[in-house]
Amino acid sequence: MGTQGVTGRPPLVSIEHVSQSFGSVRAVEDVSLTICEGEFFALLGPSGSGKTSLMRMIAGFGEPDRGRILLAGEHVTRVPPHKRPVNMMFQNYALFPHLNVFENVAFGLREEGVPKPERSARVDEALRLVQMQSCAARRTQALSGGQKQRVALARAIVKRPKLLLLDEPLAALDRRLREETQEELKHLQKSLGIAFLVVTHDQDEAMMMADRIAVMSAGRVLQIGTPADLYERPVSRAVARFIGDANVIEPEIRAHLDGRALVAVDGTPFEIATGSVRDFAIGVRPEKIRVLEPYVSVPGSVTLDASVEQRLYRGDVTELRVRTAHHVWRAAILNASRRTGFMPEPGERIRIAFAPDDAMVLPE
Amino acid sequence: MKIRPVILIPFLWLALFFLVPLTIVVRLAFSESAQARPPYRPAFAWAEGWPVWLEKAKSLSLGNFEAMLEETLYIDALLSSAGLAATGTALVLLIAYPLAYAIARAPRDRRVLLLTLVVVPFWTSFLIRIYAWIALLKPEGLINYALKSFGLIDAPLPLFGNHLAIVIGIAYSYLPFMVLPLYATLEKLDWSLEEAARDLGATRLRAFWRVTFPQTLRGLIVGILLVFVPALGEFIIPDLLGGSDTLMIGKVMWSEFFGNRDWPMAAALAMLLLCLLAIPLVILRMLEDRRETA
Amino acid sequence: MRMSRFNIVSLVFGIAFLYLPILIVMIYSFNASKLVTVWGGFSTQWYRGLLANKPLMDAAFVSLRVALASALGATIIGTMAALALRRHRRFVGRGLFAFMLFVPLVLPEIMTGLSLLLLFVALDWDRGFWTITLAHMAFTTSFVAFIVDARLADLDPSYEEAARDLGASPLSAFMRVTLPMILPAIAAGCLLAFTLSLDDLVIASFTSGPGATTLPMRLYGQMRLGVTPEINAASTVLIVSVTLIVIVVAWLTRRHRQA
């Protein structure tokens, strides 16, 4: 399940069988995961998946009904937020309106009792890290959204927490700013060496920034792994569909032998490696499907006759929706290969092909 | 359960200055008037304790309440108060609704200014503003004077010392209490709904009536309660703007207390008024609860 | 958004209706003639008479002291009550508490005045400055609580959470973040309590005693006798001073406008 850190560093946060309910609503259901020091971790899931509740429990807002949370080896399950070495960047930034930028960033240090000169130095350093050093005296109401975010970030990192939580950090930004901020956050995390935990519903965000991702749905963790793990080797139909696009097909399972199975899709048989799994679906990524003229054959690939139902131009790729004997597939063709490749019209008869190795086994 | 001072202190204060006086009023309502200081013979003494109270409860002096039902004065005053308060509320509504609507439709940066304009007179003395109407409504007052000099009337209109004056007074004083809740609901309205109605063929008026108005009912009800309930017990307005034949329960209570020195009677009237007020207050409470759970 | 004619007319009529009586009083306070309908020329004689009017001045002084004292008390208790209600969802007697707190907002003054006087009689307290002050505190507390409660309802809880996340204990988070943010509402409540006290006639009449006659009581006595220019002058002074206070406070709290 990928609980070992990618960085190979010791575990920092340990969440063990944590559950939380609000009345009759089960927000978090038996979740266990580990975040390692210096890791960029993401909790990914739609709204209602429990990711925010889980993050808040790590921060100290709300207690689990069952299970425990350990931070750097210590039980923090019932420790109040102001005593935890965890800091949060709130989704709405929550910058104190009656204090200016400098005072906002200094807030946490004042609570710690850090003496004035050191406080001043650390605030300056934090502001410089987020490139807001020229705005120290400004009132927070005068800042733009992106600037507010930097100040919120500075306010959290100035305390040198062991773990920084970021609640949907890119949700409020426009596309261009989002991409810039993604890179900056990644860069910042590497240079600070602090573990980051990002909560997001945007899978592109999670894939681009995180070292490891935990996919959540309805309060449970579906899978934990690196972006590549999740994309190439999803463990369930749900994960396959959630991360990227996938054609999820229920194949006809004909036989099992020695860790391999003989299956058939649309009447065409092929073998795939299944390990010990008996019952499963097949997932094929659209870009792994080759689109060919009707009578071309590709040895070693699964080839199916199809007709094109719909064609969607998307700038860098063209998506084709095609229909085979029993299923509807989505294929993606890079438009750059247009000149050399084959681009059918809707209504045309074609052939699609994919390598058996590209078929993902989805047990759940 | 922790005892927090932030809850305890206000709680004790409210108990002392709200509950206790209420129980005293109840006790007084069942007492008899007497030539004494204070001018009543209490129905029971505090020191007597529960058992004695229960005993006495069986033979309480309902004299005050009987007198209330016998003397038409009190019933008349009650009915008259209800009527005047209702009419006043209707007039407030007539003025306040278009005003609140106009402010809600005004350009965003003007709205605060307009609201302030509406609220600022409220900060100035209630007494003075009612007094100002005396100068306007009297037979020799400004309104009659203006109408006469424009040749619109020969004899002065009876605008003072009657029901009309009281209704105008109520409408004038309680205007902000109706404008603010109405504005609060109007401001949050999705105007595109009214536009959609007009797109579907409704005239401006019908679109307003069938789409916008129902959405403001909540604010409307709050406003009506905020005006009607205090207006029922009004004293200053009927005293300054009314005449000898305009009855309002507030005035009657005052004269029973200060004029006749009949404290028990005044207390009994207060209890009656309270019972009457309880109805709209309970309605308000139910609406509040529904709003909070919605 | 263009404004329709109907809306503009409503606005003009509504606001004129509100201000006409006030303006009349103010204008006629400068009328040399005693009659409302005759303009005898501009004069400030009535104002000069005001200062010489000792009972009036004494009454004004009493009103001021009562208003200050009761506003202070009402602000403290009212703010506490609003905090108790908003931040503690469950405690014994919460329903009763809310009822006791907000019912006085709509209760007719005559009821409040009567019941409070009876309280003082039962406690055998001499009526005077302190009974009026306490009585005013009693009824204005609800107004302060109402305003502060409305502000607390609007307050985004993430500010206080952020403070706690940054290392502040719950008490410190409240004092350093929440309190400053609700201060304008508390100030507004205090101002409201002050003006309500200054303005009150009915409750003061019930609960005052010898030597503690308030300005409205004094004015009322004279008003029953008819419209006189002295009252106009006194009224104008009151109107202008209260308006000035409101403007100053509004300007001061403007700088703390926040989400």
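Residues numbered from 1 in each chain as written. Chains lettered and ligands numbered in written order. Predicted model: local features only at pLDDT ≥ 70, side-chain atom pairs only at ≥ 80, totals over all residues.

K.L.:
How do you make sense of the nonpolar core when you look at a structure like this?
P.N.:
Inside soluble globular proteins, nonpolar side chains tend to come together where they are buried. L165(A), L197(A) and A100(B) are the most contacted members of the largest nonpolar core, which totals 268 residues. When residues of this core are assigned to their parent elements, the largest contribution, 15 residues, is made by helix 3 (residues 54–87) of chain C. When residues no more than four places from it in sequence are discounted, the contact partners of A100(B) are V179(B), L182(B), Y183(B) and L186(B). (Core = buried A, V, L, I, M, F, W, Y, C linked by C-beta atoms within 7 Å. Buried ≥ 20, exposed ≤ 12 C-beta atoms within 10 Å, placed from the backbone. Helix = DSSP H or I, 4+ residues; strand = E, 2+ residues; numbered from the N terminus. Contact = placed C-beta atoms within 7 Å.)

K.L.:
What exactly am I supposed to notice about the packing of helix 7 (residues 158–165) of chain C against helix 8 (residues 170–199) of chain C here?
P.N.:
Packed helix pairs are specified by the crossing angle of their axes together with the interaxial distance, meaning the distance between the axes. Residues and elements named next belong to chain C. Running from N to C, helix 7 and helix 8 point in directions that differ by 140°, and their axes come no closer than 9 Å. In terms of orientation, helix 7 lies oblique with respect to helix 8. Helix 8 is crossed by helix 7, and the crossing has right-handed handedness. Residues Y159, E160, A163 and R164 of helix 7 form the contact with helix 8, whose participating residues are P170, A173, F174, R176, V177, T178 and M181. Here the contact of helix 7 with helix 8 is built from residues that sort into seven nonpolar, one polar and three charged. (Axes fitted to C-alpha atoms, helices over the stretch in contact; angles between N-to-C directions. Parallel < 35°, antiparallel > 145°, perpendicular 65-115°, else oblique. Left-handed = near helix turned anticlockwise from the far one by under 90°. Nonpolar A, V, L, I, M, F, W, Y, C, P; charged D, E, K, R; others polar.)

K.L.:
Teacher, can you tell me more about the packing of helix 4 (residues 72–105) of chain B against helix 9 (residues 175–187) of chain B here?
P.N.:
Residues and elements named next belong to chain B. Following both chains from N to C, one finds helix 4 and helix 9 inclined at 40°, their axes separated by 8 Å at the closest point. Put simply, helix 4 runs oblique to helix 9. Handedness of the helix 4/helix 9 crossing: right-handed. Every residue of helix 9 that contacts helix 4 at V92, L93, I95, A96, Y97, L99, A100, Y101, I103 and A104 is listed here: L175, M178, V179, L182, Y183, L186 and E187. Split by residue class, the contact of helix 4 with helix 9 holds 16 nonpolar, no polar and one charged.

K.L.:
What is the right way to look at the interface of chain C and chain B in this model?
P.N.:
A common way to state how big an interface is: give the accessible area lost once the parts meet. In this complex, chain C contributes 59 residues to the contact, which on the side of chain B involves 68 residues. Going through the elements one at a time, helix 1 (5–28), helix 3, helix 4 (94–102), helix 5 (109–123), helix 8, helix 10 (215–223) and helix 11 (229–254) of chain C are the ones with two or more residues in the side of chain C that touches chain B. Looking at the side of chain C that touches chain B element by element, the count peaks at 13 residues for helix 1 of chain C. Here the side of chain C that touches chain B is built from residues that sort into 48 nonpolar, ten polar and one charged.

K.L.:
Explain the arrangement of the chains here, please?
P.N.:
Across the two pairs of chains in contact, the largest number of contacts is found between chains B and C. Contact between chain A and chain B is absent, and the least distance between their C-alpha atoms amounts to 15 Å.

K.L.:
Explanation requested: the domain arrangement of chain A in the structure shown.
P.N.:
Residue and element names in this part refer to chain A. Under the domain assignment, chain A is made up of domain 1 (11–242) and domain 2 (249–362). Taken over C-alpha atoms, the centre of domain 1 sits 39 Å from the centre of domain 2. Across the contact, five residues belong to domain 1 and four residues belong to domain 2. Residues belonging to the side of domain 1 that touches domain 2 are distributed by class as follows: two nonpolar, one polar and two charged. (Domains from an automatic or database assignment.)

K.L.:
Just to check I follow, could you spell out the sheet that holds strand 17 (residues 302–313) of chain A for this structure?
P.N.:
Two pairing modes exist for strands in a sheet, parallel and antiparallel, and in both the strands are linked by backbone hydrogen bonds. Residue and element names in this part refer to chain A. Taken together, five strands build an open sheet; the order of strands is 16-20-17-18-19 and the sheet is antiparallel. Of all strands in the sheet, those with a lone pairing partner are strand 16 (290–292) and strand 19 (328–334), marking the two edges. Across the sheet, the axes of successive neighbouring strands diverge by a mean angle of 45°, strand direction being ignored. Bridging between strand 18 (residues 317–323) and strand 19 involves seven bridges; their strand directions are antiparallel. Along strand 19, the bridge assignment pairs L320 with A331. (Pairing = 2+ DSSP bridges.)

K.L.:
Please explain the environment of I35(A) as it appears in this structure.
P.N.:
Residues and elements named next belong to chain A. Along the polypeptide, I35 turns up in strand 2 (residues 25–36). The exposure class assigned to I35 is buried, which follows from the 25 C-beta atoms found within 10 Å. Between the C-alpha atom of I35 and that of R212, which follows or precedes it by 177 residues, the distance is 8.8 Å. Sequence-distant contacts of I35, defined by excluding residues within four places in its chain, comprise L12, V13, F41, A195 and L197.

K.L.:
What am I meant to see in the sheet that holds strand 14 (residues 268–273) of chain A here?
P.N.:
Residues and elements named next belong to chain A. The three strands are arranged 12-13-14 in an open sheet whose pairing can be described as antiparallel. The open sheet has two edge strands with one neighbour each: strand 12 (252–257) and strand 14. Between one strand axis and the next, the sheet turns through 25° on average, direction left out of account. Judged from the five bridges that link them, strand 12 and strand 13 (residues 260–265) form a sheet pairing that is antiparallel.

K.L.:
It is not clear to me how the interface of chain A and chain C should be interpreted in this structure. Could you clarify?
P.N.:
Of the residues lining the interface, 18 residues belong to chain A; the matching set on chain C comes to 17 residues. Top contributing element to the side of chain A that touches chain C by residue count: helix 2 (residues 101–112) of chain A, with four residues. The class makeup of the residues in the side of chain A that touches chain C is nine nonpolar, five polar and four charged.

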